[in-house]
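Here are the chains, one letter per residue:
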Amino acid sequence: MNILGYAQKLGKALMLPIATLPVAALLLRLGQGDLLDIPFMAQAGGAIFSNLPLLFGLGIAVGLSKDGAGAAGIAGAVAYFVLTATAGTINADINMSFFGGIIAGIIAGHSYNAFHTTRLPEWLAFFSGKRLVPIMAGLFALIAGGVAGIVWPGIQSGLDALAHAVSTSGSIGQFVYGVLNRALIPVGLHHVLNSYMWFGMGSCQEIIVSAMPALNGATQLCVDPALAKTLVAGQEHTFTFANSVTPEITTVVQEVTDTVKTGDLHRFFGGDKGAGIFMAGFFPIMMFGLPGAALAMYFAAPAEKRHQIGGALFSVAFCSFLTGITEPLEFMFVFLAPALYALHAVFTGLALVVANMFGALHGFGFSAGLIDFLLNMGLATKPVTLFVIGLCFAALYFFVFTFAIRAFDLKSPGREDTETETGDAGEPQVVTEKGDLARQYLKALGGHDNLTAIDACITRLRLTLKDRSIANEEVLKKLGAKGVVKLGENNLQVILGPLAEIVAGEMKNVPASDSLADVKLP
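Rules and cut-offs
- Residue numbers run consecutively from 1 along every chain, following the written order of its sequence.
- Under the rules for a predicted model, residues below a pLDDT of 70 receive no local features and side-chain atom pairs below 80 are neither given nor counted, while totals for whole chains, interfaces and linings still include all residues.
- Water and hydrogen atoms were dropped before computing side-chain values, which therefore reflect all heavy atoms in the structure.
- A run of H or I in DSSP becomes a helix once it reaches four residues, and a run of E becomes a strand once it reaches two; helices and strands are each numbered from the N terminus.
- Only the C-alpha atoms count toward the radius of gyration. The rule for a globule is 2.2 Å times the residue count to the power 0.38.
- For the exposure calls, accessible area comes from a 1.4 Å probe over protein chains only, and a residue counts as buried if that area is under 20% of its type's maximum, exposed if over 50%, partly exposed in between.
- Residues are treated as being in contact if the distance between any of their heavy atoms lies within 4.5 Å.
- The Shrake-Rupley method, run with a 1.4 Å probe sphere, supplies the accessible areas, and residue values consider only the shown protein chains as cover.
- A residue counts as positive if it is Lys or Arg and as negative if it is Asp or Glu; His and the chain ends are not included.
- Lys charges are placed at NZ, Arg charges at CZ, Asp charges at CG and Glu charges at CD.
- The angle between two axes is taken between their N-to-C directions and runs from 0 to 180 degrees, where each axis is a line fitted to C-alpha atoms and a helix contributes only its stretch in contact.
- Left-handed is the label given to a crossing in which the near helix is rotated counterclockwise from the far helix by less than a right angle, and right-handed is the label when the rotation is clockwise.
- Ten residue types, Ala, Val, Leu, Ile, Met, Phe, Trp, Tyr, Cys and Pro, are classed as nonpolar, four, Asp, Glu, Lys and Arg, as charged, and the remainder, Gly among them, as polar.
- UniProt positions are given in the numbering used here, feature names are shortened, and annotations may be inferred rather than shown by experiment.
- Between any two strands, pairing holds if DSSP finds at least two bridges.
- Here, patches come from residues exposed beyond 30% relative accessible area and free of salt bridges, joined within 9 Å for like charges and within 5 Å for nonpolar side chains (Val, Leu, Ile, Met, Phe, Trp, Tyr).
- The salt bridge definition used is simple: a Lys or Arg side-chain nitrogen within 4 Å of an Asp or Glu carboxyl oxygen.
- For the domains described, the bounds stem from an automatic or database domain assignment.
- Arc definition: directions from the helix axis to the C-beta atoms.
- Here a cavity means grid points, on a 1 Å grid over the protein atoms only, where a 1.4 Å probe fits yet cannot get out; a pocket means an open set of points with protein on both sides within 12 Å along at least five of seven lines; lining residues are those with an atom within 4 Å of a point.
- Grid points are joined across faces, edges and corners, and a volume is the space filled by probe spheres set on the points.

### Side note on the overall build of the protein
Secondary structure summary: the protein contains 20 helices and eight strands in total. Here the C-alpha radius of gyration of the protein, 25 Å, is about what a compact globule of 522 residues would show, namely 24 Å. With respect to the three principal axes, the spread of C-alpha positions in the protein is 75 × 75 × 40 Å. A buried classification covers 53% of the 522 residues belonging to the protein. Counting contacts in the protein only where the partners sit at least 6 residues apart, residues at least 24 apart contribute 71% of the total. By element, 64% of the accessible surface of the protein is carried by carbon and sulfur atoms, the whole surface being about 22,200 Å². If the 31 positive side-chain charges of the protein are averaged to one point and the 37 negative ones to another, these points end up 5 Å apart.

### Considering the packing of helix H8 (residues 171–183) against helix H15 (residues 338–357)
The contact between H8 and H15 brings their axes to 7 Å, and the two run at 145°. The hand of the H8/H15 crossing is right-handed. Counting all contacts with H8, which are made through Ser171, Gln174, Phe175, Tyr177, Gly178, Val179, Arg182 and Ala183, the residues of H15 involved are Tyr341, His344, Ala345, Val346, Thr348, Gly349, Leu350, Leu352, Val353 and Asn356. When the residues that make up the contact of H8 with H15 are grouped by side-chain class, the tally is ten nonpolar, seven polar and one charged.

### With respect to the UniProt feature "active site" (unreviewed entry) in the protein
When the UniProt feature table is mapped to this numbering, "active site" (unreviewed entry) covers Cys457. Following the sequence through the fold, cysteine 457 ends up in the loop between strand S5 (451–456) and strand S6 (460–465). What makes cysteine 457 buried here is its relative accessible area of 6%. The residues contacting cysteine 457, other than those within four sequence positions of it, are Lys12, Met15, Arg462, Ala500 and Glu501.

### Some details on unusual backbone geometry
With a phi close to 50°, serine 97 is a non-glycine residue in the positive phi region. Looking at the secondary structure, you find serine 97 in helix H6 (residues 97–115). In this structure, lysine 382 is a non-glycine residue whose phi angle is positive, near 55°. Topologically, lysine 382 is positioned in the loop between helix H16 (370–375) and helix H17 (383–407).

### Examining the sheet that holds strand S4 (residues 248–262)
In space, the four strands of this open sheet follow the order S2-S1-S4-S3, with antiparallel pairing throughout. On the outer flanks of this sheet lie strand S2 (218–223) and strand S3 (236–240), each paired with one strand and no other. Adjacent strand axes in the sheet meet at a mean angle of 45°, parallel and antiparallel pairs treated alike. Both S3 and S4 contribute to a ladder of five bridges, which runs antiparallel.

### So, a nonpolar patch on the surface
On the surface, Ile90, Phe140, Ile143, Val147, Ile150, Val151 and Ile155 cluster together into a nonpolar patch covering about 650 Å² of accessible area. The element that contributes the greatest number of residues to the nonpolar patch is helix H7 (residues 132–168), accounting for six residues.

### Notes on the domain arrangement of the protein
Assigned domains within the protein: domain 1 (3–199), domain 2 (203–262), domain 3 (281–408) and domain 4 (436–509). Computed over C-alpha atoms, the centres of domain 2 and domain 4 are 50 Å apart.

### A closer look at helix H20 (residues 500–509)
Along H20, the residues classified as buried are Ala500, Val503, Ala504, Glu506 and Met507. Buried positions in H20, seen along its axis, are confined to an arc of 165° and lie on one side of it. Set apart from the buried face of H20 by more than 90 degrees, the exposed residues are Glu501 and Asn509. In this structure, the buried residues of H20 make contact with helix H18 (436–444), S5 and S6.

### What to know about empty space enclosed by the protein
One pass over the structure, following the stated rule, counts three cavities of 30 Å³ or more. Of the pockets and cavities examined, the largest cavity occupies roughly 360 Å³. Around the largest cavity, the lining is made up of 21 residues, and of these His190, His191, Gly324, Phe366 and Ser367 lie nearest the centre. Sorting elements by how many residues they give to the lining of the largest cavity places helix H9 (residues 190–199) first, with four residues. Among the residues forming the lining of the largest cavity, the class breakdown is eleven nonpolar, eight polar and two charged.

### Let's talk about the pattern of salt bridges
Taken as a whole and judged by the stated rule, the model has eleven salt bridges. Of the charged contacts, one joins glutamate 327 and arginine 460 as a salt bridge, the two residues approaching to 3.0 Å between their closest N and O atoms. Here glutamate 327 is found in helix H14 (residues 327–330), whereas its partner arginine 460 is found in strand S6, with 133 residues between them in sequence. Taken individually, glutamate 327 and arginine 460 each receive the classification buried, so the pair is uniform in this respect.

The structure is reproduced here in structure tokens:
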């Protein structure tokens, strides 16, 4: 498999553990003293965040395995424990963070694929097949842990230097990250970038303090580990918060814990008042900017076609505003008008810069939609300011997209040269029975004989084909695909929106022996 193809498979596998973040954030926030004040609920959410590297190991192992087997997940846990324990024993200063989970997951996933059908001699037959997988994964992880114990300190220093360079580069680092975050979406590799920024970059150490009325009665802070080492329980200390409406708070330190949080997302929920730099700027884009773009595309369409595209544009714009899931909307114009998508990427980078310029910090457990915006307001800094910035970006998107579409005659929904370009406003063909649409997609892709792997993430089918030229892109778009992305020689992504995982599952359930001759294609 080529590098891009493998990277997209890894990106898909990352979605399984990342999918646990919404429930973790929900429990953690609702349990806080400024909301429901239920300590065990907050601890339950915190436990998920604390064990996220292990969840990465489990999820990636399952995602990389041929059939999503639970045995691969067990192997992922075994590999993670062996890897981190081995490396930590060699060098106690090693902290592999979520990278340990990723490495363990990769080891376990490939161990499963290599050994899950292996037969051993009769006297060892009990350990054959799937029972062999955790054993082999543990052995490989032992070797990897031994190597990591020697080389990881250098890697860790390099990552720390990179994190410091990005975090201290100010507007430049924020802008570049925002642009890359959107630019990588068409090939599905943005999750790899996000994983480092949200789960690996920067660290803080949790401390317990007396209730702070200025921070809604919060009793938990996450501060620089170097500062934490100087604090003593029972000591009064004045904490300084950059960009905060309350720049200084004096309180009594109750306990200095051993818990260290890494990454912008972890630190935000851990109580680091300087976290959220690489999350806040997405709220103006997802809640306001993209809906503004959808409104611009609606009015740019010919009047006689607005009724055709209006429903589709409204639904994907509302999805972006409410949940922060943007791909269904983005793929309505990324292939029709790449220039508009380039503007969108630039505006995203700009939004991160502007949000931080005004000292607005916010975070999310899933994505930057209204649900996370309201849920996490108690932890945010200047959320009202962020809301106003969002309204400004809604206007920016609307007027710039309107001008660009009309002045340069750019294609957008309703302005395509032919109906076959995107089908009927990107809406799937109406089918009468469960599985019919999956069978249609299967036939348009060349059938089971042409498919060697079928996977899906939230919005796209991730496929490996024997002969990619057989796949009929025109028919795929008529069936409702919002776009098709080619990676390497044999990898194909079909952008469907939220139906992707359902369609992928139904495609897998179509027996290879079934004839698709009677399946009608548009």
